[in-house]
Each structure stands twice: as structure tokens, then as C-alpha cells.
Amino acid sequence: MKENTKVIKIKYFTDKIDKLTYIDGKSDWIDLRASEDVHLKAGEFKLIPLGVAMQLPAGYEAHVVPRSSTFKNYGIIQTNSCGIIDGSYCGEEDMWRMPVYAVRDTLIRTNDRIAQFRIFKNQPKIEFEETASLGHANRGGFGSTGIS
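Just so we're clear, the structure is a prediction, and the values are computed from it rather than from any experiment. (Residues numbered from 1 in each chain as written. Predicted model: local features only at pLDDT ≥ 70, side-chain atom pairs only at ≥ 80, totals over all residues. Heavy atoms only, no water.)

S.K.: Would you mind going over the overall build of the protein with me for this structure?
M.R.: Within the protein, the secondary structure is distributed over 1 helix and 11 strands. Secondary structure elements of the protein occur, N-terminal to C-terminal, as β-β-β-β-β-β-α-β-β-β-β-β. A compact globule built from 148 residues should have a C-alpha radius of gyration of about 15 Å, whereas the protein, at 19 Å, is more than 25% larger. C-alpha extents for the protein along the principal axes are approximately 60 × 45 × 30 Å. Across the protein, the fraction of contacts at a sequence separation of at least 24, relative to all contacts at a separation of at least 6, is 75%. Working note: accessible area of the protein is about 10,600 Å², and carbon and sulfur atoms make up 50% of it. Seen as two clouds, the 20 positive and the 19 negative side-chain charges of the protein have centres 6 Å apart. (Helix = DSSP H or I, 4+ residues; strand = E, 2+ residues; numbered from the N terminus. Rg over C-alpha atoms; globule rule 2.2 N^0.38 Å. Contact = heavy atoms within 4.5 Å. Areas by Shrake-Rupley, 256 points an atom, 1.4 Å probe, with all protein chains shown as cover. Lys, Arg positive; Asp, Glu negative; His and termini not counted. Charge placed at Lys NZ, Arg CZ, Asp CG, Glu CD.)

Pasting the structure below:
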């Protein structure tokens with residue numbers, strides 16, 4: 001094992017999905033797959049089971065997002081935009097899931113790649129210091145940097 005390599009314990013809930021792999025040199029995101037067939041009607045919400053539970057390294061969290069082709073291929077939107085899985089979500093039955101909303105009728109089949117994840121270090125401890133002024137000039141308001 002390389003010096004800076006982190007170890008993630010993983011539990012698979014089914015043998016019907018491919019094992020997770022890291023594709024060196026292509027991306028540091030790892031694909032996640034639907035672990036069962038999921039039928040959705042337009043306007044329906046479901047939690048898609050991803051068939052894995054993991055124990056993340058101490059001090060890390062996982063960010064789960066759709067793959068770039070997920071909306072085009074399946075017409076689903078992840079309802080929480082980015083799923084955050086903290087390090088304490090590692091119980092025997094803590095299967096990862098993707099909450100989705102369907103904009104059209106769709107079928108997601110077992111083993112379809114629909115999401116991806118990567119791990120990030122937890123935010124360091126912070127302390128808020130209240131002040132009456134930040135001492136900087138205004139930039140023009142939220143969203144003021146233009147459209148081009």
C-alpha cells in the first residue's frame with residue numbers, strides 16, 4: 001500500500017453489482033451502482049439503493065453526486081444536490097442510497113452506474129468572531145460578477 005493511501009472498509013449487500021474500483025489517472029471519483037431495478041414515474045421520489053456500506057477513514061466524509069450522464073440517461077435529479085455521508089454512518093445496515101426525483105418515466109437497472117463519490121477531510125474546528133464590520137469594499141451583491 002502506498003504511503004498516503006487511505007483504507008475504506010466496504011460491505012456489499014448484493015453480489016449483483018460490480019465491485020468498486022478506482023481508475024487511476026482518469027478521475028479520483030468512484031462510480032456507484034444501483035443495487036436493484038428501480039422503476040420511477042414522472043414526478044416520483046425514491047431512494048435508490050447503492051448496495052454498499054462503508055467505514056470511512058477517521059476525519060473524512062464522502063460526497064455523493066450523480067454521474068454527468070445520469071440526468072440524460074435516466075431523467076432523474078438527486079434531490080439533495082450533493083449527498084454528504086459522515087464518518088459515523090458505518091453501521092451494519094447503513095447502506096448508501098441516492099435520493100432522486102424523476103422528471104420522466106424511467107427504469108434504472110441493477111448495476112447501472114448512476115452516482116459517484118469521493119472522500120474529503122472534515123472541516124477543521126472553527127470559531128466565529130462577531131464583528132460590526134468586515135473592513136472590505138462591497139462587490140455589488142450576491143451574483144454580481146456577471147453572466148459571461
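What follows continues from the structure just given.
S.K.: Mind showing me how you'd approach the pairing of strand β9 (residues 97-102) here?
M.R.: For strand β4 (residues 45-49) and β9, the ladder comprises 5 bridges, and the chain directions are antiparallel. Bridging across to β9, Pro49 finds its partner in Arg97. In the sheet, strand β7 (residues 76-78) pairs with β9 via 3 bridges, with the strands oriented antiparallel. Bridged to Ile76 within β9 is Ala102. (Pairing = 2+ DSSP bridges.)

S.K.: Quick question: what am I supposed to make of the sheet that holds β9 here?
M.R.: Pairing between the strands of a sheet is mediated by backbone hydrogen bonds and can be parallel or antiparallel. Across the sheet, 3 strands lie side by side as β4-β9-β7; this open sheet has antiparallel pairing. Bordering the open sheet on either side are β4 and β7, each of which pairs with just one other strand. Pairwise comparison of adjacent strand axes, ignoring direction, gives a mean angle of 40 degrees for this sheet. (Axes fitted to C-alpha atoms, helices over the stretch in contact; angles between N-to-C directions.)

S.K.: What should I look at first to understand a nonpolar patch on the surface in this one?
M.R.: Taken together, the side chains of Phe45, Leu47, Phe71, Ile77, Tyr101 and Val103 make up a nonpolar region of the molecular surface, amounting to roughly 560 Å² of accessible area. Relative to the helices and strands, Ile77 resides in strand β7. For Ile77, a relative accessible area of 41% puts it in the partly exposed group. (Patch = residues over 30% accessible without salt bridge, like charges linked within 9 Å, V, L, I, M, F, W, Y side chains within 5 Å. Salt bridge = Lys/Arg side-chain N within 4 Å of Asp/Glu carboxyl O. Buried < 20%, exposed > 50% of the residue type's maximum accessible area, 1.4 Å probe, protein only.)

S.K.: Just checking my understanding: could you explain the environment of Asp105 for this structure?
M.R.: Tracing the backbone through its elements, the reader meets Asp105 in the loop between β9 and β10 (106-108). Separated by 41 residues in the primary sequence, Asp105 and Val64 place their C-alpha atoms 23 Å from one another. Dropping the residues within four chain positions of it, Asp105 is found in contact with Leu40, Lys41 and Ala42. Within polar-contact distance, the side chain of Asp105 engages the backbone nitrogen of Ala42 at 2.8 Å. (Polar contact = N/O pair within 3.5 Å; in protein donor to acceptor, adjacent residues only side chain to side chain.)

S.K.: How should I be thinking about the state of the cysteines in this particular structure?
M.R.: Two cysteines form a disulfide when their sulfur atoms are joined by a covalent bond. Summed over all chains, the structure comprises 0 disulfides. With no disulfide of its own, Cys82 lies 19 Å from the sulfur of Cys90, the closest cysteine sulfur. Residue Cys90 is classed as partly exposed on the basis of its relative accessible area of 34%. (Disulfide = S-S within 2.5 Å.)

S.K.: For this particular structure, what's the right way to read the nonpolar core?
M.R.: Nonpolar side chains in soluble globular proteins tend to end up buried together. Counting 26 residues, the largest nonpolar core has Leu32, Ile48, Ile76, Trp96, Ile108, Ile114 and Phe117 as the members making the most contacts within it. Contributing elements (two or more residues each) for this core: β2 (30-33), β3 (38-40), β5 (52-55), β6 (60-66), β9 and β11 (113-121). With residues up to four places along the chain from it excluded, the contact list for Phe117 reads Leu20, Asp28, Trp29, Ile30, Leu32, Met54, Ala62, His63, Val64 and Trp96. (Core = buried A, V, L, I, M, F, W, Y, C linked by side-chain atoms within 4.5 Å.)

S.K.: Help me out: how do you make sense of the sheet that holds β11 in this one?
M.R.: Pairing is antiparallel in the open sheet, where 4 strands are placed in the order β2-β11-β6-β8. Both edges of this open sheet fall to β2 and β8 (83-85), since each of them pairs with a single strand only. On average, each strand axis in the sheet is tilted by 35 degrees relative to the strand beside it, whichever way the strands run. Where β6 and β8 come together, 3 bridges link them in antiparallel fashion. Bridge pairing in β8 links His63 to Ile84.

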